[in-house]
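Read off the chains here:
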Amino acid sequence: MISLTTRTPLLALVTLAAAALATGCSLNDSGYKPGELGNGGFYFSCDDAVACSRYSNDASKFPEAVSVGSTFAVRFVPKTNSGLDIHFNESAVDRGITVGPISEVYVSRGAKGLAAVKTGYATLASRDATGALVDYVVVRIAKPDALVVYSADDTTTSTPAHVDSISLSASAGDRHSYRAFAQQNKSDLAGSLQIEWTSSDAAVATVESTTDGKATVVAKSAGTATLMATGGTFTQSIPITVSQ
Amino acid sequence: MSARYLAVVAATAALLAGCAPDYDHTELSIGKAPPKPLAGSVSYARVHVSVGAVVTARIVSYDDDHKEMAAGLRSKDPDIVEVTGVVNPGDYAFLGLRPGQTEIEVLADGHLVLILTAVVTEQPPLP
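Each chain has its residues counted from 1, following the order in which its sequence is written. Numbering of ligands from 1 and lettering of chains from A proceed in the order in which they are written. In view of the model being predicted, local features appear only for residues whose pLDDT reaches at least 70, and side-chain atom pairs are presented and counted only at 80 or more, with totals across whole chains, interfaces and linings using the full set of residues.

**Focus: the interface of chain B and chain A**
Step number 1: Contact between two residues is assigned when their C-beta atoms, built from the backbone, lie within 7 Å. Every contact between the two is made by 27 residues of chain B and, on the other side, 29 residues of chain A.
Step number 2: The numbering of helices and of strands both runs from the N terminus, where a helix is a DSSP run of H or I of at least 4 residues and a strand a run of E of at least 2. Contributing elements (two or more residues each) for the side of chain B that touches chain A: β5 (71–75), β6 (81–85) and β7 (91–96) of chain B.
Step number 3: Tallied by class, the residues present in the side of chain B that touches chain A amount to 18 nonpolar, 7 polar and 2 charged. Think of it as three bins: nonpolar holds Ala, Val, Leu, Ile, Met, Phe, Trp, Tyr, Cys and Pro, charged holds Asp, Glu, Lys and Arg, and polar takes everything else, Gly as well.

**Observations concerning the nonpolar core**
Step number 1: Residues enter a nonpolar core if they are buried, belong to Ala, Val, Leu, Ile, Met, Phe, Trp, Tyr or Cys, and are joined to the set through C-beta atoms within 7 Å. Exposed residues have 12 or fewer other C-beta atoms within 10 Å of their own C-beta, buried residues have 20 or more, and partly exposed residues fall in between, where C-beta atoms are placed from the backbone. With 88 residues, the main nonpolar core has Leu-124, Ile-141 and Ile-240 of chain A together with Val-54, Val-81 and Phe-94 of chain B as its most contacted residues.
Step number 2: If one sorts the elements of this core by residue count, strand β12 (residues 133–142) of chain A sits on top with 7 residues.
Step number 3: Residue ranges labeled as domains rest on an automatic or database domain assignment. Two domains each donate at least three residues to this core, and these are domain 1 (12–142) and domain 2 (146–243) of chain A.
Step number 4: Each residue touching Val-54 of chain B, except ones within four places of it in the same chain, is listed here: Ile-102, Thr-123, Ala-125 and Tyr-136 of chain A together with Pro-34, Ala-93, Phe-94 and Leu-95 of chain B.

**Details of the pairing of strand β3 (residues 46–50) of chain B**
All names here are of chain B.
Step number 1: Most of β3 is tucked away, with 4 of its 5 residues classed as buried.
Step number 2: Pairing between strands is defined by DSSP: at least two bridges between the two strands are required. By the bridge criterion, 3 bridges tie strand β2 (residues 40–42) to β3 in an arrangement that is antiparallel. Along β3, the bridge assignment pairs Ser-41 with His-48.
Step number 3: Here β3 pairs with strand β9 (residues 111–121) via 5 bridges, running parallel. For Val-49, the partnering residue across the bridge sits in β9 and is Val-120.

**Focus: unusual backbone geometry**
Step number 1: Put simply, Lys-36 of chain B and Pro-37 of chain B share a cis peptide bond, and its omega is 10°.
Step number 2: Mapped onto the fold, Pro-37 of chain B is located in the loop between β1 (23–30) and β2.
Step number 3: Even without being glycine, Asn-185 of chain A reaches a positive phi, approximately 50°.
Step number 4: The class for Asn-185 of chain A is exposed, based on 10 C-beta atoms found within 10 Å.
Step number 5: Here the phi dihedral of Asp-109 of chain B falls at roughly 50°; this positive angle occurs in a residue that is not glycine.
Step number 6: Within the fold, Asp-109 of chain B resides in the loop between β8 (100–108) and β9.
Step number 7: For Asp-109 of chain B, a count of 14 C-beta atoms within 10 Å gives the class partly exposed.

**Notes on the sheet that holds strand β6 (residues 65–67) of chain A**
All names here are of chain A.
Step number 1: Within the open sheet, the 4 strands sit side by side as β6-β12-β11-β8. Their pairing is mixed. Across the chains shown, the open sheet's two edge strands, defined by having one partner strand only, are β6 and β8 (98–101). On average, each strand axis in the sheet is tilted by 35° relative to the strand beside it, whichever way the strands run.
Step number 2: In the sheet, strand β11 (residues 120–127) pairs with β12 via 8 bridges, with the strands oriented antiparallel. Bridging across to β12, Ser-126 finds its partner in Asp-135. The axes are straight lines fitted to the C-alpha atoms, using for helices just the contacting stretch, and the angles between their N-to-C directions are given from 0 to 180°.

That's the geometry; what it means functionally is another story.
Structure below.
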């Protein structure tokens, strides 16, 4: 039975600067999504910079939707009860607050954090040590209708060019790296999506490694092949041309 | 001890017992409903929420002295709908866990004062 008890209200949201210092990430004021109950804010993060490059680490914004089949993490920062109360080393976990799905139908807990398992709307709730609801956020889980492949060789830009075709030179021993993220209706879907990379003709080009979601394609001999990236129930094909 | 004295004591005790405040009524107002197209409503008769969604309500029972009574809510089938307290006093959250129907019991000072039908339905398919 749930008893009505008086609890100290959790007050003013810890500043982004405090969160940034606590996590080592740089955040901005738009980085969190206020909880539905107004008791704090939720931050979205992925643990790699691959399929969710736009949402890597603490995202610069809470995403509109997450790809089904992906993993991600959500962190809750509660309001405090003395106005702008900055606790540089105090996290929600320290206060006994945990975040998780209210049911495992749409999002489940996995070894890599939260896993989006079914399209629909998932509610992620933060609860205090007594199990009482502190706040919650609703996340839309969407099915991708496209995978966007982009170059992973240039790490200096946050908006790398999309790749529609690949040209390599066999004699030069070309090797280029690629990553992919999911989209639906041309809108990016967040989440770390497990991408399977394959080459249609290993005699022309091989996928040498796929560490951290990054695929390295290596030219072998002149000819044409297709690089296939499969993730989130969708496959994107990229033609490869290898010159001598 | 005289019979007259005992009668006075008994009458006084009866009067005091009769003056103890009784349950009067429960006030209920919906708090936060989930975004469309999810279902989420709370009334004196029924709680309706989609699977995977939350709807909150403020539920407070009063005695006939107009004082708040110690309240409590419990779900008869917490596998269908979970009822949990919210850190905001007086607020409760109803969490849709799987499709089905059950009842929510509202208690005041430990006594059952209200029963709400709770219905959990599947989410409409995403476009």
